[in-house]
Amino acid sequence: MTPSQRPAQETHVRATRDWAPALQGLFLRWGILAVLFGLIVYLSMVQPQFLTITNWTNLIRDMSVETLVALAVTVSVVVAGFDVSVGAVAGMAVIVSMMAMVVYHASAAEAVGLSLLSGLVIGAVNAFLIVRLRLPDLLATLGMLFVVDGVQQVFVAGQTITPGMTLPNGSSATGTIQPSFLAIDQGRFLHLPISIWIMFAVAMLLWFFLSSTRVGRLMYAVGSNQEAARLSGVNVGAYKTGAYLLSGFLAALGGVVLAARIGVGEQLAGDPYMLNGVAASMIGFAVLGSGRANVFGTFIGALLMAVMVNGFTMLNVPYYTQQAMLGAVMLAALALSYAVKSRG
Amino acid sequence: MAVPPLIALEGVGKRFDGVAVLRDVSFDIRSGEVVSLCGANGAGKSTLIKIMTGYYESYQGRVRIDGTEARLHSPSGARAAGIDAVYQEVDTCIAPDLSVAENLILYRLANPHYPLWQNRRRIEAEARAIAQTVDLRVDMARPARLLTLQQKQLLVIARALAQRARVLIFDEPTASLSQPEVERLFATIRDLRNRGLGILYVSHRLSELLAISDRVLVLRNGELVQSFDSVPTARDIATAMLGAPPPDDAPQPYAHSAGPTVLEAIGIEVRGKVHGVSFAAARGEILGITGLVGAGKTELLRALFGADARTAGEIRLHGRLVHIQRPTDAVKNGIYLVPEERRRHGLFLDFPVYKNLSSVFLARFCRLGVIDAASERRGAAQMIERLHISGAVEGPVAHLSGGNQQKVVLGKWLFGDPQVLLLDEVTQGVDVGTRQEIYRLVREMSQRAAVLFASSDIDEVLSLADRLLVMRDGRVVGSFARGEVDRQTILELAANVEREMVV
Ligand SMILES: Nc1ncnc2c1ncn2[C@@H]1O[C@H](COP(=O)(O)OP(=O)(O)OP(=O)(O)O)[C@@H](O)[C@H]1O
Ligand SMILES: [Mg+2]
């Protein structure tokens, strides 16, 4: 190296030392939120209807199912697991609640209770496969996805569950869908759809649980280093089981809201929510540079996707283009969160 | 003109988030010398080594090899410049499932010019030639994970030599080796030196530094504060490291009478690892356990803690039989284990320091299951103070220096109320100053609990333990009270087969 080159290199080194890492850090921390903010500003400018109370009420109401399902994924990821059966669980909850009311004359409360119970049962089976039989999380829940989807199809035998539908024995179903059940999504409380309240309440509770309680902290500990957690006296199996039960419960709750929205028992209605839920959860890693699954990030991830879908639909962007854009955003978010991890 | 040194550092520095952890370090190493680098925990030794081996993309200053500037901004760049290292955690640079042969030629396999079509026989022949350079005699087809720590170190050294490494760095290579293994390693290092390599050696065991080095450099708070051109005394080094004369490390004159028996282990068996070990430990005494690497110390402690399954044997606590199947049971009964492998078994690396410290006895910082953040922070701050944990204590524990991480692993158990404290190589990687602090702490804990202190450092066990067990091949082959036995006898017992009959 000639002496004349040296000063240049030194400035370069100093430059990378002083402001580049700081800028990089800023970007990693605020990147996703900046994208979200920029998108909202842009859409507000090009579409006058975008920034209206009506549109935002719809937008947030639309995202409530995604958010609940995404939180279900998040809980499983906190313990370093991965629950991909959440969409199937949500779909199962749709079928269970509708069948309960239409075929078995259940009340709205019974229908909700049974749906949530079905989520817990599937969560328990997931936990059994993973904790007891030691199947890898992804494979176990993927297997459950197929099983649960199959069971749904067996239940409805290719039909859509509606009042008056023909049952396998030839008679027709005599139950009705309770209006109080439909009110879960269609009713309002203090001017806002009840599903929005449910989503916010659940997100807040879960946020508090994961970040401020002992059990939540230990779930993160299990996810961080399972062996170190075990050697700290943590009953790792119990925490993982708890996480999968919670995951099943949250996904089923998402399914209940979905059922109240569509008002019929359509088979496999929950399946599309799985990928969106996973995406929101993963985008959440990068929010505020946390580098791990967390409730606030997941919510922002779901919001980002909802804003994109809502805005692009207003702009008449074709559906498949939207998908590609969602994918690109998720990849960018993942790139950010891995950059957070490997920094240093 | 004089021959330029093999490697010369000029004004090397490194900052993390604006904090300088290494400042203006300059030194050189010539062909055929062993230079030791020492410094307290967090002084910047590992950071310096990481710079030299191309771990960081950016750093300040310059490094010259044979007088010409080298660009050490990637591991392959550093290797191309002839610098390689044997890290304390050797596992990090070995592919566990590949064979020994494949690991030996790993860098060559990674070379784009290496033929795409692999011939196992040719690889193994090539690898065997490399292994011979350091006298590594193992089956070339074995998966590398089955090697002992020592064989893994040799593998890494051989691989570096095959890459024509000229500067070889050892970062605490002996932290969990015992005496005979250390001597074998030293023989290898001397041989490398005689072949004209330049060696940089890092260790917290001062006696080792004195034995192996030609020169000694001392880092303090990221600065090179002293450079001894001939071998100084251990006290001189410690004074330079700590910035003040070290606390006296004469064996503590405890004339302890043991209290009531707390722990009785009867016929403990772990398949293939521990064979019928029985002993009792009382409150008020420190029971040392020593032996070579692989003698079964770790396995014994893990079995007592319920971390590994016992195939036979029972554990009594205060005379009562206790059922310990899992670590949870042990912790409930007041049996705590500070594990040997801190990164894998002791730490939540992405958690901040305070969350690691509070992790075991989190309930202490909770009200109705809700964490009281203020009390958690306060408790952690006290422990950080008590154990002199220094460095980036606000960030993730992964950013602490090795010795400071070790203190965190110990510290998280000190919030509890132990009946039995199982300590496995608890001072590994801890500097001389803090080591005395830990000894004092262990002594203090022994007033409340039975303490089992397992270490492959015989001197440490001799100076600290009131009673000591020597293990070999999973058996206890000797049991002595303080002062009843000397270093040599222990060494022979730990290694020698004939003495077995005597016991
Ligand atoms: N990625 C990082 N971010 C922030 N600080 C760091 C990072 N890596 C290291 N440090 C800090 O740099 C300092 C030097 O650490 P280093 O690991 O070099 O010490 P060391 O001399 O090797 O100590 P030990 O003897 O304990 O291994 C410490 O204070 C550490 O906290
Ligand atoms: Mg170090």
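You'll find the structure just up there.
Everything quoted here is computed from the prediction, not taken from an experiment.

About the cut-offs
- Residues numbered from 1 in each chain as written.
- Chains lettered and ligands numbered in written order.
- Predicted model: local features only at pLDDT ≥ 70, side-chain atom pairs only at ≥ 80, totals over all residues.
- Heavy atoms only, no water.
- 1 Å grid on protein atoms, 1.4 Å probe; cavity = no way out; pocket = protein on both sides within 12 Å on 5 of 7 lines; lining within 4 Å.
- Points joined across faces, edges and corners; volume = space filled by probe spheres on them.
- Nonpolar A, V, L, I, M, F, W, Y, C, P; charged D, E, K, R; others polar.
- Axes fitted to C-alpha atoms, helices over the stretch in contact; angles between N-to-C directions.
- Helix = DSSP H or I, 4+ residues; strand = E, 2+ residues; numbered from the N terminus.
- Parallel < 35°, antiparallel > 145°, perpendicular 65-115°, else oblique.
- Left-handed = near helix turned anticlockwise from the far one by under 90°.
- Contact = heavy atoms within 4.5 Å.
- Pairing = 2+ DSSP bridges.
- Buried < 20%, exposed > 50% of the residue type's maximum accessible area, 1.4 Å probe, protein only.
- Patch = residues over 30% accessible without salt bridge, like charges linked within 9 Å, V, L, I, M, F, W, Y side chains within 5 Å.
- Areas by Shrake-Rupley, 256 points an atom, 1.4 Å probe, with all protein chains shown as cover.
- Salt bridge = Lys/Arg side-chain N within 4 Å of Asp/Glu carboxyl O.

### Quick word on empty space enclosed by the protein
Residues and elements named next belong to chain B.
Okay, step 1: This structure, assessed with the given rule, holds one cavity of 30 Å³ or more.
Okay, step 2: When its volume is computed, the largest cavity comes out at roughly 110 Å³.
Okay, step 3: Taken together, 15 residues make up the lining of the largest cavity; nearest its centre are A175, R205, Q428, G429 and R435.
Okay, step 4: A breakdown of the residues in the lining of the largest cavity according to their chemical character gives two nonpolar, seven polar and six charged.

### Considerations on the packing of helix α4 (residues 86-102) of chain A against helix α11 (residues 236-262) of chain A
Residue and element names in this part refer to chain A.
Okay, step 1: Direction vectors running N to C along α4 and α11 enclose 50 degrees, while the axes themselves pass 7 Å from each other. The angle between the axes of α4 and α11 places the two elements in the oblique class. The interaxial crossing formed by α4 with α11 has right-handed handedness. Within the contact between the two elements, α4 uses V86, V89, A90, A93, V94, S97 and M98 and α11 uses S247, G248, A251, A252, G255, V256, L258, A259 and I262.

### Section: the sheet that holds strand β5 (residues 68-69) of chain B
Residue and element names in this part refer to chain B.
Okay, step 1: What the four strands build is an open sheet, ordered β2-β1-β4-β5; its pairing is antiparallel. The sheet is open, and its two borders are formed by β2 (19-29) and β5, each paired with just one other strand.
Okay, step 2: With two bridges connecting them, strand β4 (residues 60-65) and β5 associate as antiparallel partners. Bridged to R64 within β5 is E69.
Okay, step 3: Sitting on the sheet, helix α1 (residues 45-52) touches β1 (7-16) and β2, and the angle it makes with β1 is about 115 degrees.

### Description of the environment of G391(B)
Residue and element names in this part refer to chain B.
Okay, step 1: Position of G391 relative to the elements: it lies in the loop between α14 (373-386) and α15 (402-411).
Okay, step 2: Classification of G391 by relative accessible area gives exposed; the value is 62%.
Okay, step 3: The spacing of G391 and S401 is ten residues in sequence and 7.4 Å in space, taken between C-alpha atoms.

### As for a nonpolar patch on the surface
Okay, step 1: Together, F37(A), V41(A), Y42(A), M45(A) and V46(A) give the surface a local cluster of nonpolar side chains, amounting to about 520 Å² of exposed area.
Okay, step 2: Residue M45(A) is classed as exposed on the basis of its relative accessible area of 64%.

### A short note on the pattern of salt bridges
Okay, step 1: Enumeration over the complete set of coordinates arrives at 31 salt bridges over all chains.
Okay, step 2: Note that E227(A) is salt-bridged to R302(B), the shortest N-O span being 3.9 Å. Of the two residues, E227(A) sits in helix α10 (residues 226-231) while R302(B) sits in helix α10 (residues 297-305), which places them in two different chains.
Okay, step 3: The salt bridge involving E444(B) is made with R386(B); its shortest N-O contact spans 3.6 Å. With a gap of 58 residues between them, E444(B) in helix α16 (residues 432-445) and R386(B) in helix α14 connect regions that are remote in the sequence.

### What to know about the environment of G272(B)
Okay, step 1: Residue position: G272(B) is located in the loop between β11 (261-270) and β12 (274-282).
Okay, step 2: In the structure, G272(B) is positioned 201 residues away from D473(B) in sequence and 9.2 Å away in space, judged by C-alpha atoms.

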